[in-house]
Structures are given as C-alpha cells and as structure tokens.
Amino acid sequence: TLRLGYAKSKLSLDSSRLPAVAAAYRGLAPYAALVGSSAAAYNYFADQIATQNASSSFIGLGATWDYNNWVLAGEFTKRRTDSYVPDTTGWYTSVGYRVGKFTPYAYVSRLKQDSQPVNPIPANITAANLRTASAYGTAILDNADIAQKSVAVGVRWDAFKSAAVKAQFESIKPDSATGLLYAAPTSTANVRDKTISVFSLSVDFVF
C-alpha cells in the first residue's frame, strides 16, 4: 500500500506571549546598532515570530507491506513554513512479525530541522531590557527546534475483535534543547544529546 499526501495552508499562531515579544523587538529596533545589529533585522524577526497568515506546506510519502506474518512500514515527510517555525524533514521505518494474537515490532525514526530563517538578538548585551528580549527570543526558537531521533521496541496484543493492547519502550535522543518535549519559554531545561526513556501502555479500539 502506497500513500502520498500534500497540504498547503496559511499558518497563524495565537499566543499571548508571541505578540508581546514581537512588540519588544520592534520597540528595540532603533537601538539595534548598540549591539552591532540592524533595525531591519529586529523588525524582520518581529514579523517572523508574530506568524500571521504565513505560507506553509506539508508533504508525506508512505508505504506499508503486509504479507503473511510480516508487516513493514515507512514514511518520509517534509514541512515548510515562511515563519520562525522551522522547516523539517522526518522519516520512520518499522517492522513487525505476527505470532498468533501477538505482534512484536520495532521502529527507528528521525526528525531533522532543515532551516531556521530568523535569529534572536545576540546574547552578549548589557542593557537589561535587551537581554530580556534576547532570552525570550532564544527560548522561543529553542522550543521551535524539535529535532530528535528515537528507537523503539514493543508488542501488540489483539486482545479482542475491536481492541488491541500495545506495550512499548522507546529511547529518544533530542538533537535540540527540547526535541518534541514541551518546555515553557522561560525554562532553562536542556536535554540536547541526552537519552530519554519512555515506557507506554495503550489500548486501541474501534466502535
């Protein structure tokens, strides 16, 4: 089974923090020269971080091979946006083998950031208001960077005709400060290059 999907849309992010940070950058633009930057760079960052009606697209190509007891699947994706939200490339591949009602499986996946069109104010500045704006800008960009790789093993049990139980262990290694984990913009948490273990138990069912 092959599948191909493409979506194109306008992206707007509604946040109480983003407009405030964008306004701070615009207000500081006249003083950009004090830190070796330019007013245009500050205003451009403000426009990008505000993210209203930004052009965005997503494309995904996937395949599944289900033969006798073997199940193989994989997918390749690309995301593009004209905003501070980064462009990404992602893929995964998985393999499983049915043994009665049980299907042990394993998969590997990778999500990579392709570009970051904006940069925050340099951090080596002295004025407190500039430093605060830089910290928020950097934190927002860190949260936008979701690059990570992961490996997982698990087993699916088709317990009932309309329900399956799945137990899984996943090892995740972010290539960024947060990966796909969430961190508040004011957080100093950094899990880059650290290994995170996730155990999960889920039930999938249909009505």
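Residues numbered from 1 in each chain as written. Predicted model: local features only at pLDDT ≥ 70, side-chain atom pairs only at ≥ 80, totals over all residues. Heavy atoms only, no water.

Enquirer: So what's going on with the confidence of the model for the protein? Which residues, and what values?
Expert: Mean pLDDT for the protein: 80, with 75% of residues reaching 70 or above. Taken as a whole, residues 122-127 scores under 50 in pLDDT and shows eight contacts with residues more than four places along the chain or in a different chain. (pLDDT = per-residue confidence, 0-100. Contact = heavy atoms within 4.5 Å.)

Enquirer: Tell me about unusual backbone geometry, and please be specific about residues and values.
Expert: Its identity as a non-glycine residue notwithstanding, N68 has a phi of 50 degrees, on the positive side. Relative to the helices and strands, N68 resides in the loop between β2 (54-67) and β3 (70-81). (Helix = DSSP H or I, 4+ residues; strand = E, 2+ residues; numbered from the N terminus.)

Enquirer: So what about the packing of aromatic side chains? Which residues, and what values?
Expert: Taken as a whole, this structure holds four aromatic pairs when the rule is applied. Where W65 meets Y67, the ring centres are 5.6 Å apart and the plane angle is 20 degrees; that geometry is what we call stacked. When its relative accessible area of 46% is taken as the criterion, W65 is described as partly exposed. With 6.0 Å between their ring centres and 10 degrees between their planes, F102 and W157 make a pair best called stacked. Highlighted residues: F102 in strand β5 (residues 102-115) and W157 in strand β6 (residues 148-160), separated in sequence by 55 residues. (Phe/Tyr/Trp six-rings, centres within 6.5 Å; stacked < 30°, edge-to-face > 60°. Buried < 20%, exposed > 50% of the residue type's maximum accessible area, 1.4 Å probe, protein only.)

Enquirer: Just give me the short version of the pattern of salt bridges, but keep the residues and values in it.
Expert: This structure, assessed with the given rule, holds six salt bridges. D114 is the partner of K78 in a salt bridge, and the nearest nitrogen-oxygen pair spans 3.8 Å. Linking K78 in strand β3 with D114 in strand β5, this pair joins segments that are 36 residues apart in sequence. You can call K78 partly exposed: its relative accessible area is 25%. Given a relative accessible area of 28%, D114 falls into the partly exposed group. For R156, the salt bridge is made with D158, and the minimal N-O distance between the two is 3.0 Å. Among the ionic contacts, a cluster of salt bridges with common partners joins K78, R80, K112 and D114. (Salt bridge = Lys/Arg side-chain N within 4 Å of Asp/Glu carboxyl O.)

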